[in-house]
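# Secondary and tertiary structure notes
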Amino acid sequence: MNGAHPRLDPSLVLLLSLPPLLWAGNAVVGRALIDSVPPLLLNTLRWLLALALLWPFTADLWAGRAQWRLHWRWWLIGGVLGMGSYNSLQYMALHSSSALNVTLIAASLPLAMLLIGRLFFAASPRLPQLFGALLALAGVLVVVSQGQWQRLLALQAVPGDLLMLLATLCWAGYSWLLTRRPAALADWPWQNLLATQMLFGLAATLPLTVAEQCWTAIPLRIDTRLLASLAYIAVGPSLLAYRCWAVGVARGGPQLAGVFINLTPVFAALLSLALLGETPQGFHAVAFLLIAAGIGVAARAS
């Protein structure tokens, strides 16, 4: 951010709002595929297809392999956290947790951002940043409870919830890492950066995917639904969302970007409403106001 205050102009709002929308769809699709493909294999197929689609647009990627060796730690950590761990853990979580639970736990990202930034990146959070994160989180709880707080008491923790919590911490680390790009990579095209992260992430997860086939009882069922789902998650939640997130984090900073992730469960709820043909309720307006207030407070405090 170069020390400047982020300005919440329409382009930045769009950059940081589009990924939560696409990732809300990803959670729904991942939940729908739990009986069609093992979770680690789904993640591997996702990134193999995304890499194949991106590869023709990379410029002399192999020529820059010297930077792979020089900065292999940055590449490896980014690939494992962003492409390997986060998505694999999310798809594993969806086998025992609902899409709503998963998106709700992902809404803790603003707090995870502040924690990871403090522990590993010497970024001490200020009170307004924490207040903005809590405001936005309150908006998420309004959606989940449908304005009736007693509903929150009925939510039950399952193993998938813990996996998603770990995934959220991994994503916070990945987002912070995007702001610490080595100087030698400053002029790299974004296609090359993302493709190289994919390569390192796939290299780390492929052995685990192979091992998964030895113990999983979930068969791979190749049909039209699976192919259409893979096309969606490779283009939308992968290429488009990751590119928008990287630019948004670079412009607004990790703390501000983290607050926008609270839109994910809100979008998930609205998508469900659209599919069911229901009309929005008053608590949706309250949730949007709380999240918007949280984003505004976080923007001024960043």
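Please refer to the structure higher up on the page.
Residues numbered from 1 in each chain as written. Predicted model: local features only at pLDDT ≥ 70, side-chain atom pairs only at ≥ 80, totals over all residues. Heavy atoms only, no water.

### Structural notes on the packing of helix α4 (residues 72–93) against helix α8 (residues 159–178)
Axis separation between α4 and α8 bottoms out at 8 Å; the angle between their running directions is 155°. Looking at the two axes, α4 sits roughly antiparallel to α8. The two elements α4 and α8 cross, and the hand of that crossing is left-handed. Two secondary-structure elements touch here, α4 through W74, I77, G78, L81, G82, M83, S85, Y86, L89, Q90, M92 and A93 and α8 through G160, L163, M164, L166, A167, T168, C170, W171, G173, Y174 and L177. (Axes fitted to C-alpha atoms, helices over the stretch in contact; angles between N-to-C directions. Helix = DSSP H or I, 4+ residues; strand = E, 2+ residues; numbered from the N terminus. Parallel < 35°, antiparallel > 145°, perpendicular 65-115°, else oblique. Left-handed = near helix turned anticlockwise from the far one by under 90°. Contact = heavy atoms within 4.5 Å.)

### Considerations on a nonpolar patch on the surface
A grouping of L115, L119, F120, L166 and L169 is seen on the molecular surface, where their side chains present a nonpolar patch of about 500 Å² in accessible area. Listed by contribution, the elements that provide at least two residues to the nonpolar patch are α6 (109–120) and α8. Here the nonpolar patch takes three residues from α6, the largest share from any one element. Here L115 lies in helix α6. With a relative accessible area of 43%, L115 lands in the partly exposed category. (Patch = residues over 30% accessible without salt bridge, like charges linked within 9 Å, V, L, I, M, F, W, Y side chains within 5 Å. Areas by Shrake-Rupley, 256 points an atom, 1.4 Å probe, with all protein chains shown as cover. Salt bridge = Lys/Arg side-chain N within 4 Å of Asp/Glu carboxyl O. Buried < 20%, exposed > 50% of the residue type's maximum accessible area, 1.4 Å probe, protein only.)

### Some remarks on α4
Given a rise of 1.5 Å per residue, 22 residues ought to cover 32 Å, and the 29 Å separating the end C-alpha atoms of α4 matches this to within 8%. At V80, α4 shows its maximal kink, close to 35°. α4 sits mainly inside the fold: 16 of its 22 residues count as buried. (Expected span 1.5 Å × (residues − 1). Bend = angle between axes of the 7 residues up to and from the residue.)

### As for the packing of aromatic side chains
Applying the stated rule across the entire model yields 15 aromatic pairs. Taking the centre distance of 6.0 Å and the plane angle of 45° together, the rings of W171 and W245 count as tilted. With W171 in helix α8 and W245 in helix α10 (residues 224–252), the pair connects residues that are 74 residues apart, well separated along the chain. By relative accessible area, W171 is classed as buried at 3%. (Phe/Tyr/Trp six-rings, centres within 6.5 Å; stacked < 30°, edge-to-face > 60°.)

### A short note on the nonpolar core
Ranked by internal contacts, the top residues of the largest apolar core, which has 75 residues, are W75, L109, M164, W171, M198, Y242 and W245. If sequence neighbours within four positions are ignored, Y242 has contacts with W23, R46, W47, G82, M83, N87, W171, Y174, L194 and P237. (Core = buried A, V, L, I, M, F, W, Y, C linked by side-chain atoms within 4.5 Å.)

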